[in-house]
Structure formats: structure tokens, C-alpha cells
Amino acid sequence: MGLQNGKVKGMSKRKKIVLAGAALTFLILAACTIISYQTSIRFMPQVKTISFQMEVASDDRMMWFLPEKCILYDTEGNYVVYRIRERTGRFGTEYYVQEIPLEFYLVDGERQVREADGYVRVLAPGLEDQDQLVLESSRLFTAGDTVQWVNQKSTKMKQSLNKGW
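Residues numbered from 1 in each chain as written. Predicted model: local features only at pLDDT ≥ 70, side-chain atom pairs only at ≥ 80, totals over all residues. Heavy atoms only, no water.

**As for the pattern of salt bridges**
Put simply, the test is: Salt bridges are defined by distance alone: a side-chain nitrogen of Lys or Arg within 4 Å of a carboxyl oxygen of Asp or Glu. Labels follow the DSSP assignment, with helices taken as runs of H or I lasting at least four residues and strands as runs of E lasting at least two, numbered in each case from the N terminus. For the exposure calls, accessible area comes from a 1.4 Å probe over protein chains only, and a residue counts as buried if that area is under 20% of its type's maximum, exposed if over 50%, partly exposed in between.
One pass over the structure, following the stated rule, counts 7 salt bridges. For Asp131, the salt bridge identified is with Arg85, shortest N-O distance 3.9 Å. With Asp131 in the loop between β12 (120-123) and β13 (132-137) and Arg85 in strand β7 (residues 79-89), this pair connects stretches of sequence that are 46 residues apart. A relative accessible area of 4% places Asp131 in the buried class. Salt-bridge contacts for Arg87 lead to Glu94; the nearest nitrogen and oxygen are separated by 2.7 Å.

**Focus: unusual backbone geometry**
The phi torsion at Asp108 lies on the positive side, around 55°, for a residue other than glycine. Looking at where Asp108 falls in the secondary structure, it is placed in the loop between β10 (106-107) and β11 (110-111).

**Some points on the pairing of strand β14 (residues 146-149)**
Regular strands show a simple pattern: their side chains alternate between the two faces of the sheet. Here is the rule: Two strands make a pair as long as DSSP finds a minimum of two bridges between them.
Where strand β3 (residues 46-51) and β14 come together, 2 bridges link them in parallel fashion. Following the sheet pairing, Gln46 is matched in β14 by Gln148. Where strand β8 (residues 92-101) lies against β14, 2 bridges are found, and the strand directions are antiparallel. By the bridge assignment for β14, Tyr96 is matched with Thr146.

**Section: the nonpolar core**
Keep this limit in mind: Buried Ala, Val, Leu, Ile, Met, Phe, Trp, Tyr and Cys residues form a nonpolar core when they are joined through side-chain atoms within 4.5 Å. It only takes one pair of heavy atoms within 4.5 Å for two residues to be counted as in contact.
In terms of nonpolar packing, the biggest core is built from 15 residues, with Leu66, Ile71, Val81, Leu102, Val122, Leu127 and Leu133 touching the most fellow members. Not counting residues within four places of it along the chain, the set of residues in contact with Leu102 comprises Leu66, Ile71, Tyr79, Val80, Val81, Val122, Leu123 and Ala124.

**Some points on the packing of aromatic side chains**
What counts is decided by this rule: Two aromatic rings from Phe, Tyr or Trp, using only the six-membered ring of Trp, form a pair when their centres are within 6.5 Å; if the ring planes differ by under 30 degrees the pair is stacked, by over 60 it is edge-to-face, and anything between is tilted. Any Lys NZ or Arg CZ that is within 6 Å of a ring centre and within 35 degrees of that ring's normal is treated as a charge sitting over the ring.
The tally for this structure, following the rule as stated, stands at 4 aromatic pairs. Summarising the aromatic geometry, the rings of Tyr95 and Trp149 are spaced 5.2 Å apart at their centres and angled 80° between planes, so their arrangement reads as edge-to-face. One end of the pair, Tyr95, is in strand β8; the other, Trp149, is in strand β14, and 54 residues separate them in sequence. Across this residue pair, the class does not change: Tyr95 and Trp149 are buried. Connected via pairs of aromatic rings, a cluster forms that spans Tyr73, Tyr79 and Phe104. In this arrangement the basic side chain of Arg121 is found over the ring face of Tyr105, its NZ or CZ atom lying 3.9 Å from the centre.

That's the geometry; what it means functionally is another story.
See the structure below:
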């Protein structure tokens, strides 16, 4: 195949139409993908997190202190916190929320509150040190929902400084 007078030699008119149709279909699909991605992002809850720091009590028991702002109710009225997890989604890496059930640690029927920051002590065996817990959200969400992690870079930087990297 070569060019002759600005025309592709050896390509029929039908092939040219099919090729133009395929190119147009590709452009339409690309535009729809971009629109779908932007729409998906606009409707995702935007969340801010805190990095959970586990403490060890003098009697070697694990102590979990959390801001009350992190503690929510699930659909059945139980106390929960949500941590950020990462997975592969249709547009690449995405973040979602995972529900962790918890209970308040009670001493003589009262919640135990740390005086330094007002955090409450909880029993949450599913929590792990350095978990990213949802502190604020722009919209309601449920376990498994994809979210936009707003303060991801600052939280990860604080984590690396705490580890001494």
C-alpha cells in the first residue's frame, strides 16, 4: 500500500468507512470512560483519617484509645469504626472503607477517657497498629464503599516519621 495523489492505494471505500467508524467508536468510548470516571469521583464520599497508634498498658495489655468522632453506629446500632483499605478498581487503585466492630471499655460502668486528648478507650480486636481510621466524611457511606482519601499524603508522611524513616 502506498500513497497516490493523497489517497491510500489499495484500500477500498468500504474499508475506509469501516476504519473511520472504528476510530469514531474508539473516541466515543474514550470520552464515555472519562465522563464515567469524573462522575464516579464526584459522588464518592471524601474522607479524612487519623493514624491509629496502639499503646501497651503497664500490665502488657493492648489499649485502644480513639477520638469519639471516629466512632459511628452500623445499621444494627452497634458501635463501629471504619478503616481505609486499598484495592484494584476499574480505574486503577482505589480506597474503600472496612467496618471494625468495637465496644467501649468500661470501668465501674463508665467510659475510660484519656485526659491528655479526650480519647475514649475501646475494645476492638480487629484494629491494627497504624490503621487509617475515618475521622470525617463528606457523605454517608457503608462498609465496602469506595471513598476519596483526602489527607492520604499527610497521614502517610506522619506514619513514616513515627517509624523513623
